[in-house]
Amino acid sequence: PDTHPAPGFVRRRTATGRATSYRVGVSILWFRRDLRLDDHPALVAAVADGAPVVPLYVLDDALWPAASANRRSHLARSLAALDDATGGRLVVRRGDPREVVPALAREVGASEVHVSAGHEPAGRRRDRDVAARLAELDVRLVATGSPYAVSPGRVRTGGGTPYQVFTPFRRAWLDHGWRAPAPRPEVTWADVRSDGLPAVPATSADLPEAGEAAALARWREFLDDGLAGYGEARDRADLDGTSMLSVHLKWGEIHARTLLADLAAAQADGAPADDVATFRSELAWREFHADVLHHHPEASSESLRAVVPDDAWADGPDADAAFEAWARGRTGYPFVDAGMRQLLATGWMHNRVRMVVASFLVKDLHLPWQRGAAHFMAHLVDGDVPQNQLNWQWVAGTGRDAAPYFRVFNPVAQGLRFDPDGDYVRRWVPELRALRGKAVHEPWKHRADDAPDDLFAAADRSVEDDDPGPRRDADGSPASGPRHPDPYPAPIVDHAHERRVALDDFHRARGSA
Ligand code: FAD
């Protein structure tokens, strides 16, 4: 007897004990933030009965046009990679998932729609609506796995309450443990009409490669060359000392479970335990923020704790001008400006610098963290609601487990410490390239009358020496416009003064509490 049923059939015993092949329906795997085939529990669940699988991605008209060009570019390229990986069978449909998913289920006669669970507030609402509409058609929405090693909401104190603070959360998260990566199953992809892959939007940023293969390649490279020494190098803005995996984790092109399993294997193979522990701890922050947002969906827009009076955060035309200077990288604080320009140029910013620029917006410019968070979301390729909003709240001091409000980052001291030779600033702020070494962090000192003249003189000569002749535009015609359209600005605020204002606001809030 044939014990291997054909694809689309499953072998079961009848009531009388006879083995028979039954036709099983098609199932749909609705991809969202899980754009991979390896270590994909929902995919494993979708093929469990040998059913052919329709790989679906819904371009939600309410979200797609609003997303930043950087994120749309990454998504479009990642979908193209997923289409390749499924033999060109990826079904892209446009519209509201509440309409599109039930319509496709009816069209292909699916009995189940499989997903990785969504945990963000809007995703949870959408999934509830889709499940209800599918139920009317007798189709189940089955959620298996999540974008995290441990699903948000699972890690709890002995008393069953959520953790408020990171360190005990991390301990409990480690004790909870996670499943081993799921092996990639054999899949029969169903052939169903697609609306076609989205075009890759033009963006001026220099973006990383997208897709599962690119994510795995980046991860292997980091395991080989970056993990040893990560603990030290990760804070240095001038070194490429971090994994650059955030965008791949954001889209689920690689799963945290895979990373955690590989880290354990690397350590068994001799990778330094401290570096492994530090990297694991960064992943734990990602899981902690998802857990906090799970319990406090309002944290995506509201401060979890009020730490300053309502009138402390600035508003009005001056505030707009200050915000613009910050967003364009023209505050006159080189480390801040380098970070903001790295964001505009690449859609990514080093974590240390993210903290410094966020602190500058909130505590030096006295602008609400939500405004900075929105600018980040508009440009980051890894822009992710739980990570972005809760890191902003951490810096602002409004989060559950946050930096104390009175700890104000000094943008110069941070630059001198985490970009000790000034290379990071020179890379992103070309107007300052003339300044050598760490002098680049305090350009005002070197412009003062008593500054050594030869600093600028030597620098000017080096610009002349490098001059390749008349500048040309891309089409070969002589370039128009001045070579240095805007000289580097003087600091727009005095850090020492603004720090005192921020602390006064803080004390006022405490006094009135
Ligand atoms: P690595 O140092 O290689 O870390 C490995 C992974 O650990 C990261 O990919 C990330 O998933 C996780 N991780 C590292 N640091 C953090 C952290 N502080 N919080 C949570 N997870 C972390 N990260 C995002 O993924 N999306 C965001 O929108 C985002 N916004 C941020 C906003 C601010 C104001 C700040 C201070 C941080 C933000 N982060 C965000 C966290 C962090 O800056 C990035 O995850 C990190 O810089 C990504 O680079 P990497 O992958 O090379 O990091």
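Analysis parameters
- As a convention, each chain's residues are numbered from 1 in the sequence order in which they are written.
- With the structure being a predicted model, the display of local features is reserved for residues of pLDDT at least 70 and the display and counting of side-chain atom pairs for 80 or more, all residues being used for whole-chain, interface and lining totals.
- UniProt positions are given in the numbering used here, feature names are shortened, and annotations may be inferred rather than shown by experiment.
- For the purposes of this entry, the term helix denotes a DSSP run of H or I that reaches at least four residues, the term strand denotes a run of E that reaches at least two, and both are numbered from the N terminus.
- Residue burial is a threshold on neighbouring C-beta atoms within 10 Å of the residue's own C-beta, all placed from the backbone, with 20 or more meaning buried, 12 or fewer meaning exposed, and counts in between meaning partly exposed.
- Whether two residues are in contact is decided by their C-beta atoms, placed from the backbone, lying within 7 Å.
- As a rule, any residue with its backbone-derived C-beta atom within 6 Å of a molecule or strand is reported as near that molecule or strand.
- Any residue outside Ala, Val, Leu, Ile, Met, Phe, Trp, Tyr, Cys, Pro, Asp, Glu, Lys and Arg is labelled polar, Gly included; the first ten of those are nonpolar and the last four are charged.
- To define axes, lines are fitted to C-alpha atoms, for helices over the stretch in contact only, and angles between the resulting N-to-C directions are given on a 0 to 180 degree scale.
- Under this scheme an angle from 65 to 115 degrees is roughly perpendicular, one under 35 degrees roughly parallel, and one over 145 degrees roughly antiparallel; angles in between are oblique.
- If you view the pair so one helix is near and one far, a crossing is left-handed when the near helix is turned anticlockwise from the far one by less than a right angle, and right-handed when it is turned clockwise.

If you check an unreviewed UniProt entry, the protein appears there as Deoxyribodipyrimidine photo-lyase from Sediminihabitans luteus. Recorded in UniProt for the protein, the comment headed Sequence similarities (unreviewed entry) runs: "Belongs to the DNA photolyase family."

A. The arrangement of the overall build of the protein in detail. Scanning the protein for helices and strands turns up 20 helices and seven strands. Within the protein, the fraction of its 513 residues that count as buried is 40%. By sequence separation, contacts in the protein at least 24 residues apart represent 75% of the contacts at least 6 residues apart.

B. Broad picture of the UniProt feature "site: Electron transfer via tryptophanyl radical" (unreviewed entry) in the protein. The sites that UniProt annotates as "site: Electron transfer via tryptophanyl radical" (unreviewed entry) are Trp 313, Trp 369 and Trp 392. According to the C-beta neighbour criterion, Trp 369 is buried, with 23 such atoms within 10 Å. Non-local contacts of Trp 369, meaning those with residues more than four positions away in its chain, are made with Val 362, Trp 392, Gln 393, Ala 396 and Thr 398. Looking at the element boundaries, Trp 392 is found in helix H15 (residues 385-396). With residues near it in sequence (within four places) discarded, Trp 392 still touches Ala 358, Trp 369, Gly 372 and Ala 373.

C. How the structure looks around the environment of Ser 151. Along the polypeptide, Ser 151 turns up in the loop between strand E7 (140-143) and helix H5 (166-176). Note on Ser 151: 19 C-beta atoms within 10 Å, which makes it partly exposed. Residues Ser 151 and Ala 290, 139 residues apart in the sequence, show an inter-C-alpha distance of 8.6 Å. When sequence neighbours within four positions are dropped, the list of residues in contact with Ser 151 reads Ala 117 and Ser 146.

D. Here's a closer look at the site of the ligand. Within the structure, the ligand sits among 27 residues, and Thr 242, Ser 243, Asn 351, Asn 388 and Asn 391 are positioned closest to it. Counting only elements with at least two residues in the shell around the ligand, the list comes to helix H8 (246-250), helix H10 (273-295), helix H13 (351-364) and H15. Within the shell around the ligand, the residues separate by chemical class into 11 nonpolar, nine polar and seven charged.

E. The arrangement of the packing of helix H12 (residues 334-346) against H13 in detail. In the contact formed by H12 and H13, the axes pass within 9 Å of each other and the chain directions differ by 110 degrees. The orientation of H12 with respect to H13, classified from their angle, is roughly perpendicular. Classified by chirality, the crossing of H13 by H12 is left-handed. Residue-level inspection shows Phe 335, Val 336, Gly 339 and Met 340 of H12 in contact with H13, the latter providing Val 353, Arg 354, Val 356, Val 357 and Phe 360. Broken down by class, the residue content of the contact of H12 with H13 amounts to seven nonpolar, one polar and one charged.

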